[in-house]
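Structural overview
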Protein chains: 2
Amino acid sequence: MKNKIQVQPVMDALEIIGGKWKFPILYSLCGGKKRFKDLLEDIGKITPKMLSSELKSLECNGLVSRKAIATVPVTVEYELTEYGETLEPLLRHIQAWGINHRKKIIDSIK
Amino acid sequence: MKNKIQVQPVMDALEIIGGKWKFPILYSLCGGKKRFKDLLEDIGKITPKMLSSELKSLECNGLVSRKAIATVPVTVEYELTEYGETLEPLLRHIQAWGINHRKKIIDSIK
DNA sequence: CGGCATCCACAATGATACTG
DNA sequence: CAGTATCATTGTGGATGCCG
């Protein structure tokens, strides 16, 4: 009768994809490969320092791949790995919820 | 040809359900109404201070309802609101991803 | 039991400037 | 362009005590 809840896996997941910027970064990469600067612009308020360290963490956990191309100046492309793509439904779901939430807020003001 | 990505709604959603503890708290409440102490035990490492402030924030955003029952000592029950329940699929999805992720890590060690 | 208040410590994040 | 270095600010965590 008692609903057994296992919170631990949620905590595990958040260790990888938690934090302030990982979802936005991953969501931005749902749109296909992006350069460092594209990510900065997509996300808007993130600083280069945070973006850099978050990308490093995501790369370390196998969710994102980094490819440096030796042009002048340098070009670097970031992309979701196959494993990272397993998060796409989740990311789109969050985005959809966010859109709906904003709509709800606007309605509540009128 | 260019995939237009709107990251902003993701940021909006994370303002409400982001942070270190909100997903675990909400996920724990997927199992039905819980008392303050039950939440503390479910989540494990959270302190009363953090739990209290996070619950207040969630209540403020209409995701969680609080009901105090005048027993001695006091009983307080927290529950997902109807609006909070719209997050259930998302929460279960994250949990499932976390379980799968742990499995992947274990496999990679063997 | 279910909190809130206070104080302290430290990690995460941010602003700005600078470099290969 | 794609970051790194440095410094300042904020967020989060812990301990303790108090109260309805």
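Residues numbered from 1 in each chain as written. Chains lettered and ligands numbered in written order. Predicted model: local features only at pLDDT ≥ 70, side-chain atom pairs only at ≥ 80, totals over all residues. Heavy atoms only, no water.

**Description of the relation of the copies chain B and chain A**
As a reminder, the rule being used: Copy-to-copy superposition: least squares on the C-alpha atoms, limited to residues that have pLDDT of at least 70 in both copies. For this analysis, residues touch if any pair of their heavy atoms sits within 4.5 Å.
For the match of chain B to chain A, the screw axis carries a shift of 0.0 Å, the RMSD comes to 0.1 Å, and the turn is 180°. Both chain copies can therefore be described as sitting about a two-fold axis. Comparing contact sets, 100% of the residues at the interface of chain B also lie at the interface in chain A, consistent with an isologous, same-surface contact.

**Here we look at unusual backbone geometry**
The following threshold applies: Secondary structure elements follow DSSP: runs of H or I no shorter than four residues count as helices, runs of E no shorter than two count as strands, and numbering proceeds from the N terminus.
Pro73(A) follows Val72(A) through a cis peptide bond whose omega is -5°. Secondary-structure assignment places Pro73(A) in the loop between strand S2 (64–69) and strand S3 (75–80).

**A look at the protein's contact with DNA strand D**
Our working definition: Whether a residue is near a molecule or strand is decided by its heavy atoms; if any one of them lies within 4 Å of it, the residue is near. Here a polar contact is recorded for every N or O atom pair within 3.5 Å, except that within protein the pair must consist of a potential hydrogen donor and a potential acceptor, and residues adjacent in sequence are included only if both atoms are side-chain atoms. Polar here means any residue other than Ala, Val, Leu, Ile, Met, Phe, Trp, Tyr, Cys and Pro, which are nonpolar, and Asp, Glu, Lys and Arg, which are charged; Gly is therefore polar.
The immediate surroundings of DNA strand D are formed by 19 residues, with Ser52(A), Arg66(A), Tyr78(A), Trp21(B) and Lys49(B) found nearest. Restricting the count to atoms of DNA strand D within 4 Å of the protein gives a sugar and phosphate share of 74%. One nitrogen or oxygen atom from the main chain of Val74(A) is found 3.3 Å from a sugar or linking oxygen belonging to DNA strand D. Measuring from a base oxygen of DNA strand D, one finds a side-chain N or O atom of Lys49(B) at 2.5 Å. Elements with a contribution of two residues or more to the surface near DNA strand D: helix H3 (36–43), helix H4 (48–60) and S3 of chain A together with helix H4 (48–60) of chain B. In terms of residues, the surface near DNA strand D owes the most to one element, H4(A), which gives four residues. Among the residues forming the surface near DNA strand D, the class breakdown is nine nonpolar, three polar and seven charged.

**Some points on the packing of aromatic side chains**
Under the convention used in this document: Stacked, tilted and edge-to-face pairs are distinguished by plane angle, under 30 degrees for stacked and over 60 for edge-to-face with tilted covering the rest, among Phe, Tyr and Trp rings (Trp via its six-membered ring) whose centres lie within 6.5 Å. Throughout this description, buried means an accessible area under 20% of the type-specific maximum (1.4 Å probe, protein chains only), exposed means over 50%, and partly exposed covers the range between. Any Lys NZ or Arg CZ found within 6 Å of a ring centre and within 35 degrees of that ring's normal is scored as a charge over the ring.
With the rule as written, the count across this model stands at three aromatic pairs over all chains. Ring centres 6.4 Å apart and planes at 40° place the aromatic pair Phe23(A) and Phe23(B) in the tilted group. Of this pair, Phe23(A) sits in helix H2 (residues 22–29) while Phe23(B) sits in helix H2 (residues 22–29), each in a different chain. Residue Phe23(A) is classed as buried on the basis of its relative accessible area, which comes to 3%. Sitting above the plane of the Tyr83(B) ring, Lys104(A) keeps its charged end 3.9 Å from the centroid.

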